[in-house]
Amino acid sequence: MASEQNDRRLDTAEGLTALEGASLSALSGLAIPVKVKIGSASITVGELLSIGAGAVIALDRRVDEPVEVVIGDRVVARGELVSIDDEMGVRITEIAGSVESDR
């Protein structure tokens, strides 16, 4: 029993060492969901029920404020919204290290 637990610990340690030593290029094809948070709002249920096409919900940010680029629940960057033909994009202006220190 103890030997089996030690074997499991060794396998885990070896796996972590292999992962740490692996090149990031091995992960370069991994797709991860990225979200862009442009703002938030609090509205009543009554307001929510009355929303229809053409309604405008005021957010807690100004148009010229940076948007947040989020992976999981962590802000990894900030940027500004840009228009690319008929689509929207984000121009990154600030990376995680300085973003997290603001909080």
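See above for the structure.
Just so it is clear, the structure is predicted and the values come from calculations on it, not from any experiment.

**Regarding a nonpolar patch on the surface**
Working step 1: A cluster of nonpolar side chains, V36, I38, I43, L48, I51, I57, L59, L81 and M88, forms an exposed patch at the surface whose accessible area comes to about 780 Å².
Working step 2: Residue I57 is classed as partly exposed on the basis of its relative accessible area of 43%.

**Digging into the pairing of strand 4 (residues 87-95)**
Working step 1: In this sheet, strand 4 lies alongside strand 3 (residues 74-84) in antiparallel orientation, the contact comprising eight bridges. Among the inter-strand pairings, E80 is bridged to a residue of strand 4, identified as R91.
Working step 2: Between strand 3 and strand 4, which pair antiparallel in sequence order, lie two residues; one of them, D85, sits at a positive phi of approximately 55°.

**Some words on the environment of V63**
Working step 1: Residue placement: V63 occurs in the loop between helix 2 (45-49) and strand 2 (67-71).
Working step 2: Separated by 17 residues in the primary sequence, V63 and E80 place their C-alpha atoms 9.4 Å from one another.

**Overview of the environment of V34**
Working step 1: Tracing the sequence through the fold places V34 in the loop between helix 1 (2-21) and strand 1 (35-37).
Working step 2: For the pair V34 and I71, spaced 37 residues apart in the sequence, the C-alpha separation amounts to 5.1 Å.

**Regarding the sheet that holds strand 4**
Working step 1: What the four strands build is an open sheet, ordered 1-2-3-4; its pairing is antiparallel. The open sheet has two free edges, formed respectively by strand 1 and strand 4, since each of these has just one partner strand. The sheet shows a mean angle of 45° between the axes of neighbouring strands, direction not considered.
Working step 2: Pairing between strand 2 and strand 3: five bridges, direction antiparallel. Pairing of V69 across the sheet is with A77, part of strand 3.

So, how was this worked out
- Throughout this document, residue positions are counted from 1 along each chain, in the order its sequence is written.
- Residues qualify for local features only when their pLDDT is at least 70, as the model is predicted, and side-chain atom pairs are given and counted only at 80 or more; totals for whole chains, interfaces and linings, by contrast, use all residues.
- No hydrogens and no water enter the side-chain calculation; it runs on all heavy atoms of the structure.
- Each patch is built from salt-bridge-free residues with over 30% relative accessible area, joining like charges within 9 Å and nonpolar side chains (Val, Leu, Ile, Met, Phe, Trp, Tyr) within 5 Å.
- A 1.4 Å probe and the Shrake-Rupley method give the accessible areas. Residues count as covered only by the protein chains that appear here.
- For salt bridges, the criterion is a side-chain nitrogen of Lys or Arg within 4 Å of an Asp or Glu carboxyl oxygen.
- Burial here depends on accessible area, computed with a 1.4 Å probe over protein chains only, as a share of the maximum for the residue type. Under 20% is buried, over 50% is exposed, and the range in between is partly exposed.
- Strand pairing is assigned whenever DSSP identifies at least 2 bridges connecting the two strands.
- In DSSP terms, a helix is any run of H or I states spanning at least four residues, a strand is any run of E spanning at least two, and both are numbered starting from the N terminus.
- Between N-to-C directions, angles cover 0 to 180 degrees, with each direction set by a line fitted to C-alpha atoms, over the stretch in contact for helices.

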